[in-house]
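# Fold and contact review
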Amino acid sequence: MATINHALDRGVTFLDTADMYGVGTNEELVGRVVRDRREWVVVATKFGNVRGSDGSFQGINGRPDYVRQACDASLKRTRLDFIDLYYQHRVDPEVPIEETVGAMAELVQAGKVKYLGLSEAAPATIRRAHAVHPITALQTEYSLWTRDPEAEILPVCRELGIGFVPYSPLGRGFLTGQFKSPDDLPEDDYRRHSPRFQGEAFERNLDLVRAIEEMAQGKGCTPAQLALAWVLAQGDDIVPIPGTKRRKYLDDNLGALDVSLSNADLKRIDEVLPPGAASGERYPSMATIDR
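Residues numbered from 1 in each chain as written. Predicted model: local features only at pLDDT ≥ 70, side-chain atom pairs only at ≥ 80, totals over all residues. Heavy atoms only, no water.

To continue, consider the overall build of the protein. Scanning the protein for helices and strands turns up 10 helices and 8 strands. Against the compact-globule benchmark of 19 Å for 291 residues, the protein has a radius of gyration of 19 Å, which places it among compact chains. Expressed along its principal axes, the backbone C-alpha trace of the protein runs to roughly 50 × 40 × 40 Å. Considering only contacts within the protein whose residues lie at least 6 apart along the sequence, 73% involve residues at least 24 apart. With the model as given, the accessible surface of the protein reaches about 13,600 Å², and the carbon-plus-sulfur share is 48%. Taken as two groups, the 35 positive and 43 negative side-chain charges of the protein have centres that lie 3 Å from each other. (Helix = DSSP H or I, 4+ residues; strand = E, 2+ residues; numbered from the N terminus. Rg over C-alpha atoms; globule rule 2.2 N^0.38 Å. Contact = heavy atoms within 4.5 Å. Areas by Shrake-Rupley, 256 points an atom, 1.4 Å probe, with all protein chains shown as cover. Lys, Arg positive; Asp, Glu negative; His and termini not counted. Charge placed at Lys NZ, Arg CZ, Asp CG, Glu CD.)

Here, the residues flagged by UniProt with the feature "domain: NADP-dependent oxidoreductase" (unreviewed entry) are residues 2-272. Here residues 2-272 runs as 42% helix and 14% strand, with 38 Å between its end C-alpha atoms. (UniProt positions renumbered as here; feature names shortened; annotations may be inferred.)

This next bit is on the packing of helix 2 (residues 25-34) against helix 3 (residues 64-78). Between helix 2 and helix 3, whose axes approach to 7 Å, the crossing angle comes to 50 degrees. Relative to helix 3, the element helix 2 is oriented oblique. Contacts between helix 2 and helix 3 involve Glu27, Glu28 and Gly31 from the former and Ser74, Arg77 and Thr78 from the latter. (Axes fitted to C-alpha atoms, helices over the stretch in contact; angles between N-to-C directions. Parallel < 35°, antiparallel > 145°, perpendicular 65-115°, else oblique.)

Bringing the sheet that holds strand 6 (residues 113-119) into the picture now. Pairing is parallel across the open sheet formed by 6 strands, whose spatial order is 1-2-5-6-7-8. Of all the strands in the sheet, the pair left with one neighbour each is strand 1 (14-16) and strand 8 (163-167). Pairwise comparison of adjacent strand axes, ignoring direction, gives a mean angle of 25 degrees for this sheet. Judged from the 3 bridges that link them, strand 1 and strand 2 (residues 42-47) form a sheet pairing that is parallel. (Pairing = 2+ DSSP bridges.)

The next thing to look at is the pattern of salt bridges. Opposite charge on two side chains allows them to pair when their charged atoms are near. Inspection of the entire model under this criterion finds 18 salt bridges. The shortest N-O distance in the salt bridge between aspartate 84 and arginine 38 comes to 2.7 Å. Taken as a pair, aspartate 84 in strand 5 (residues 83-88) and arginine 38 in the loop between helix 2 and strand 2 lie far apart in primary sequence, 46 residues in all. Each member of the pair, aspartate 84 together with arginine 38, is buried. Among the salt bridges present, the one from lysine 112 reaches aspartate 72, with a minimum N-O distance of 2.8 Å. Linking lysine 112 in the loop between helix 4 (97-109) and strand 6 with aspartate 72 in helix 3, this pair joins segments that are 40 residues apart in sequence. (Salt bridge = Lys/Arg side-chain N within 4 Å of Asp/Glu carboxyl O. Buried < 20%, exposed > 50% of the residue type's maximum accessible area, 1.4 Å probe, protein only.)

This is how it looks when you write it as structure tokens:
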């Protein structure tokens with residue numbers, strides 16, 4: 001809560017959570033902090049990734065009845081009158097997107113939600129959803145080592161006027177330079193299961209980070225600030241959401257706003273970290289991605 005309050009004190013106005021984070025407890029924390037500053041804080045949350053009370057993954061659900069149930073549960077946990085931006089966290093392949101977004105549109109009409117979003121949706125899915133109700137934002141992984149959206153996703157979003165919200169803009173922390181070995185990760189850290197944090201892929205990706213560190217040194221900033229500045233430089237319609245538990249890293253992230261990248265800088269970064277430069281898949285299973 002201290003970190004969230006510090007973010008708001010520093011001028012951050014956009015907070016991203018989800019019903020699965022901490023199995024609801026993160027929504028409760030965000031709600032407790034935001035209620036006193038509701039008039040200017042934009043709160044985004046998500047539904048669709050179903051978790052058991054122990055945090056176990058129980059599948060994806062995009063059925064209309066579940067959409068309504070999940071929204072009411074999020075409103076109860078946050079104790080907010082409405083959700084500013086409501087995402088479908090992952091697309092349910094068993095439910096036509098028109099049905100899911102149709103139920104989400106009903107939430108807008110009921111005043112429970114202001115704007116709708118999708119996450120990790122494929123271009124065709126985005127188009128179908130947008131035809132039912134305007135989609136305000138698409139949240140998908142995007143960073144210097146995950147540039148996949150540049151091929152199709154970003155062009156579709158820009159064609160339809162949909163904002164783009166990159167999650168993991170620091171490559172799950174890898175691009176900060178703080179990890180020199182897989183052993184630097186805590187034993188219970190989920191990233192130990194990520195292909196990019198394992199074996200030869202880790203070593204190859206470490207070479208990319210060294211290049212980022214070198215460029216950051218030349219710019220007089222931290223590697224994290226360089227990585228975030230690059231994401232911000234990709235367009236005014238892009239709003240990255242770096243996550244942190246600690247205020248010192250929050251302040252470091254905000255320092256990216258003071259880093260200016262010239263055309264020559266951007267060209268150099270493209271040469272060193274072109275699309276596809278990272279080794280390993282983003283997740284152990286990519287089955288729920290780009291649906």
